[in-house]
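Remarks on the overall topology
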Amino acid sequence: MGSSRRWSIVAIAGATVLAGCRVPGIYFPGHGPAEPSGVHITAPLNASQAPASGDVNVDVRLDADLDPATLKISIITGWPEPTSSTTLSSSRITRDGTGGTVALHAADLTPGLVTIRARAYRTHGDERESGWASISWEPDVAVGTAGRCDPIATKKCLMPFPNDFFTVADPSSATGRRVHFTASSMPVNSSGVAIDPTEWNRNDGFSPGAMIVTYAPGVDLAVTGAAPITDIGRSLQADQPIVLIDAATGERWPVWSELDSQADPANEPALIVRVAKNLPEGHRFIVAMRDLRTADGSRLPTTRGFALYRDNIPTFTPAIEARRPHMESVLHDLETFGIARGNLDLAWDFTVASEQNLAGRLLHIRDDAFASLNGAAPTFNVASVADNVDDRIFRRVTGTFTVPNYLTGDGSPGNRFKYAPGAGVDALPIRNGNLEAQFICNIPRSISVDGNDPVTRGRGAIYGHGLLGSQGEVNAGNVRTMADDHRMVYCATKWSGFADEDISVAVQTLQDVSNFPKVADRTQQGFLNQLFLARLVKDPNGFAANAAFRLGASATPVLDGSVFYDGNSQGGILGGALTAVATDFTRAVLGVPGMNYSTLLQRSSDFETYKQILNPAYPNELDRVLWFSVVQMLWDRAEANGYAEHLTDHPYPGTPRHSVLYDVAFGDHQVANVTAEVAARTVGARILLPGLAAGRSPDVVPFWGITPISFLPWNGSAIVYWDSGNPHPPLGNVAPTEPEFGSDPHEFPRRTPAAQQQKSDFLQNGGVLVDTCGGQACLAPPG
């Protein structure tokens, strides 16, 4: 066994076996020479990981018949073939009567596997014996946290995200996975408090609208050729450098990539990849990034942590090696789908949460609550009746109605879902008595001018209010006009969980996201409140049976037994989720809508106020980017993003199909247009062309991936743009601001008679979309 080259290969091969790798053509069933040796390297331990500093103390002990004066120590590096063998200067070895020691430093080592070879001659004769120890040294990999932080990326423990690294196998879940965050891996706020992962660890996957985040310092997305927000179709091209692939089918998924525009210019921003159409529930997806480039066109260096897997570089870190088989399967899948392993800069996978995980709680409380009615209408109490309210509204009725409570306490802000003692991660909320929700209903003069005959029954509608508002928004001028002009009785209640009374909890959440489950749970209770209100509007034994909702000499009911949904802003966001689970209405207008708060928030002018609280609480901008992505996992339970797959053509069990109309204000300052387009692609809504006048859209292909309406009137779901002349919105994750982006057009469509007429035509039994814009782009004049 005379050559140092052969012994180094043997030692490394032995190390590889321990690491769980296989070296073609070389196999050694141990970690050292095949023959007994009198040279013993007692430190470092064979098959151990060297510290990042590179400081390694070597201790060699010799059998009595070996001469310490002849001890030589060599360092052999390189993988899979040795590339360097250096014999240390004799003066560096401190010898004693039984061996010697030497201190190694970073300059002596090369990242990767390192073999330490020690040799000594016998006291009498020229026979020489050798001993070996193999270590791995990875100074650029966080080996100490590799068990809880994915080592393939740097900078933040949770990056890249979302990531099946942060899950464990769970055959009891619908996906076979269970999220498994540890508190020590979660972002920490300025008070040193880490996000409590308990509620997140109930999830069996990640958001269907996943905000994919990682860190790639120095990347230039334009030079790289990554698909931007203005050219989403490019993301499906064969040579696209950043791709998202369905692991089961190999289907490319449309995405766009962007750098965090809100990052401090002095810092490297996070790299964000956003889905342009929601991901199907329960599917596993692979993110692949290849041939990333810097501004000067040079190749971006691959992180060492990822190179360990891509290049089959073994280590002696058990956590890294435990992940190797899974990473190998990811890389194999990518090669099957035409993504060459050698070109990759980063790749990982994640599983999308299941239907049960996303909607199971809300569907359960819906079904349980309605079953408790036993066919009767919900109980309600009329508190006040005011007549001759104004020139459009004859009567305003206010009161309360009773809803089963599934929250702790009295269901007020800050209360969470109530579960049975000792309930497991898949447990469903249990009833905790009842709560009283408030309502306002407006009966327009078009039903009865003065409360006398003739009385013409009107359609019923549930109105969804805006951000952290109240049911009082139903009294807004545009809603009263819509009610009177189109003979509709509008009723409203608060979006419990996201109403004015919930502001304090929202602030607490911005300061410590561990509070977010309070928002998500109470918002789902708020959905149930809305559903009970819809039943009261529709059921002849509900509001229609009460004298407050009857007019004329014959006490004619003002409600005709129909009910629809009409909401704006937050009402257009949460309204998507409400509609998906609604059993009493099948048509909804979602005004100035969107979905997916992880995309919406930073693009909203409303958030400028709230980030004054968030940013000091989470001063690290990479933590803030993760904040949005992590929060979305629970927000999916309480907004349209988690329900969109079932909003139209794939209804939940016991739920009818629905048709929705998205009314979008071009250049909206508060709800980003791009999120409405993602919603439209997801639910299969078609666009009314021309959509916008020529040259108004910044996109290479305006409305990419949204099928045009082919004939009118259209009886399916639709998206309609209303243009008030504003510039197109910013292309990054920042909000439009005045005056640069003009006056906010957010409220203009709902005030526009043509838009109101289009809504009215749509919100009918057998309703359809009618072009009220004369075949031209729809305009919503300011004011």
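Higher on the page you've got the structure.
As the structure is a prediction and not an experimental result, all values here were calculated from the model.

This next bit is on the overall build of the chain. Check the secondary structure of the chain and you find 15 helices and 29 strands. In terms of principal-axis extent, the alpha carbons of the chain reach across some 125 × 60 × 40 Å. Across the 783 residues of the chain, 60% fall into the buried class. Restricting the contact set of the chain to residue pairs at least 6 apart, pairs at least 24 apart contribute 73%. With an accessible surface of roughly 27700 Å², the chain has 52% of that area assigned to carbon and sulfur atoms. Each charge class in the chain can be summarised by its mean position, and for the 61 positive and 81 negative side chains these summaries are 2 Å apart.

As a further point, take the sheet that holds strand 15 (residues 271-275). Spatially, the three strands line up as an open sheet ordered 12-15-14, and their pairing is antiparallel. Edge strands, defined here as strands with exactly one partner in the open sheet, are strand 12 (211-214) and strand 14 (255-259). On average, each strand axis in the sheet is inclined to that of its neighbour by 20°, with strand direction left out of account. Both strand 14 and strand 15 contribute to a ladder of five bridges, which runs antiparallel. Following the sheet pairing, Ser-257 is matched in strand 15 by Val-273. On the sheet, helix 12 (residues 621-635) packs against strand 12 and strand 15 and is oriented at approximately 150° with respect to strand 12.

Let's shift gears to the sheet that holds strand 6 (residues 94-96). A sheet is described by the order of its strands in space; here four strands give the open sequence 1-3-7-6, paired in antiparallel fashion. Edge strands, defined here as strands with exactly one partner in the open sheet, are strand 1 (39-43) and strand 6. Here the average twist between neighbouring strands, direction ignored, is 20°. As judged from the six bridges shared by strand 3 (residues 56-62) and strand 7 (residues 99-104), these two strands associate in the antiparallel manner. Bridge pairing in strand 7 places Asp-59 opposite Thr-101.

Turning to helix 7 (residues 503-511), its buried residues are Val-505, Ala-506, Thr-509 and Leu-510. Summarising the axial view, the buried residues of helix 7 lie within an arc of 145°, below the 170-degree limit, and thus occupy one face. Here the buried face of helix 7 lies against helix 8 (516-538), helix 11 (607-617) and helix 12.

Here we take up the packing of helix 7 against helix 11. Orientation of helix 7 relative to helix 11, taken along the N-to-C sense of each, is 45°, at an axis distance of 7 Å. Considering the angle they form, helix 7 stands oblique to helix 11. Between helix 7 and helix 11, the residues in contact are Val-507, Leu-510 and Gln-511 and Phe-607, Tyr-610, Ile-613, Leu-614 and Ala-617, respectively. Taken together, the residues of the contact of helix 7 with helix 11 sort by class into seven nonpolar, one polar and no charged.

What follows is about the state of the cysteines. Applying the stated rule across the entire model yields three disulfides. With a sulfur-sulfur separation of 2.0 Å, Cys-149 is cross-linked through a disulfide to Cys-157. Here the S-S torsion is close to -95°, and the disulfide linking Cys-149 with Cys-157 is therefore left-handed. Cys-773 shares a disulfide with Cys-778; S-S distance 2.0 Å. Its torsion about the S-S bond being 105°, the disulfide of Cys-773 and Cys-778 is classed as right-handed. You can call Cys-773 buried: its relative accessible area is 14%. Ordinal numbering of bonded cysteines along the chain defines a disulfide pattern of 1-2, 3-4, 5-6.

Let us now look at the nonpolar core. Residues Phe-181, Leu-244, Phe-350, Phe-543, Phe-549 and Tyr-662 are the most contacted members of the largest nonpolar core, which totals 167 residues. Core analysis: the second largest hydrophobic core is formed by 28 residues, Val-479, Trp-722, Leu-763 and Ala-780 among them.

A few words now on the side chain of Asp-502. Secondary-structure assignment places Asp-502 in the loop between strand 22 (488-492) and helix 7. The exposure class assigned to Asp-502 is buried, which follows from its relative accessible area of 4%. At 3.3 Å, the side chain of Asp-502 and the backbone nitrogen of Phe-498 are in polar contact. Look past the residues within four positions of Asp-502 in its chain and what remains in contact with it is Pro-413, Trp-495, Ser-496, Gly-497 and Arg-522.

Our next topic: helix 12. With 15 residues, helix 12 should reach 21 Å at 1.5 Å per residue; the first-to-last C-alpha distance of 21 Å fits that figure. When you tally the buried positions in helix 12, you get 15 out of 15 residues, the bulk of the element.

With that out of the way, let us pick up the packing of aromatic side chains. For the structure shown, the criterion picks out 26 aromatic pairs. With a centroid separation of 6.1 Å and 55° between ring planes, the pair formed by Phe-166 and Phe-181 is classed as tilted. With Phe-166 in the loop between strand 9 (128-137) and strand 10 (167-169) and Phe-181 in the loop between strand 11 (177-179) and strand 12, the pair connects residues that are 15 residues apart, well separated along the chain. With respect to class, Phe-166 is no different from Phe-181; both count as buried. Here a set of aromatic residues connected by ring pairs shows up, and it is made of Phe-161, Phe-165, Phe-166, Phe-181 and Phe-206. Above the plane of the ring of Phe-762 lies Arg-587, whose end atom (NZ or CZ) is 4.1 Å from the centre.

Below, the discussion takes up the pattern of salt bridges. Here the structure, examined in full by the defined rule, presents 41 salt bridges. With a shortest N-O distance of 2.7 Å, Arg-603 and Glu-258 are connected by a salt bridge. Linking Arg-603 in the loop between helix 10 (597-600) and helix 11 with Glu-258 in strand 14, this pair joins segments that are 345 residues apart in sequence. Judged by relative accessible area, which is 3%, Arg-603 ranks as buried. Linking Arg-392 and Asp-391 is a salt bridge whose minimum nitrogen-to-oxygen distance equals 3.5 Å. On the basis of relative accessible area, Arg-392 is assigned to the partly exposed category, the value being 21%.

A word on empty space enclosed by the protein. Rolled over the atoms, a probe with the dimensions of a water molecule shows which regions are left empty. Summed over the entire model, instances satisfying the criterion amount to seven cavities of 30 Å³ or more. Estimated volume of the largest cavity: approximately 350 Å³. Leu-467, Phe-498, Tyr-597, Leu-601 and Trp-635 are the residues nearest the centre of the largest cavity, which is lined by 22 residues in total. Put simply, the parts of the chain that give the lining of the largest cavity at least two residues each are helix 7, helix 8, helix 9 (570-581), helix 10, helix 11 and helix 12. Of the residues contributing to the lining of the largest cavity, the split by class is 16 nonpolar, five polar and one charged. Estimated volume of the second largest cavity: approximately 260 Å³. Lining the second largest cavity we find 22 residues, and of these Ile-229, Asn-673, Val-674, Pro-698 and Pro-729 sit closest to its centre. A total of three residues in the lining of the second largest cavity trace back to one element, the largest contributor, which is helix 13 (residues 673-683). In the lining of the second largest cavity, the residues fall into 14 nonpolar, four polar and four charged.

Definitions and cut-offs
Residues numbered from 1 in each chain as written. Predicted model: local features only at pLDDT ≥ 70, side-chain atom pairs only at ≥ 80, totals over all residues. Heavy atoms only, no water. Helix = DSSP H or I, 4+ residues; strand = E, 2+ residues; numbered from the N terminus. Buried < 20%, exposed > 50% of the residue type's maximum accessible area, 1.4 Å probe, protein only. Contact = heavy atoms within 4.5 Å. Areas by Shrake-Rupley, 256 points an atom, 1.4 Å probe, with all protein chains shown as cover. Lys, Arg positive; Asp, Glu negative; His and termini not counted. Charge placed at Lys NZ, Arg CZ, Asp CG, Glu CD. Pairing = 2+ DSSP bridges. Axes fitted to C-alpha atoms, helices over the stretch in contact; angles between N-to-C directions. Arc of directions from axis to C-beta. Parallel < 35°, antiparallel > 145°, perpendicular 65-115°, else oblique. Nonpolar A, V, L, I, M, F, W, Y, C, P; charged D, E, K, R; others polar. Disulfide = S-S within 2.5 Å. Core = buried A, V, L, I, M, F, W, Y, C linked by side-chain atoms within 4.5 Å. Polar contact = N/O pair within 3.5 Å; in protein donor to acceptor, adjacent residues only side chain to side chain. Expected span 1.5 Å × (residues − 1). Phe/Tyr/Trp six-rings, centres within 6.5 Å; stacked < 30°, edge-to-face > 60°. Lys NZ or Arg CZ within 6 Å of the ring centre and 35° of its normal. Salt bridge = Lys/Arg side-chain N within 4 Å of Asp/Glu carboxyl O. 1 Å grid on protein atoms, 1.4 Å probe; cavity = no way out; pocket = protein on both sides within 12 Å on 5 of 7 lines; lining within 4 Å. Points joined across faces, edges and corners; volume = space filled by probe spheres on them.

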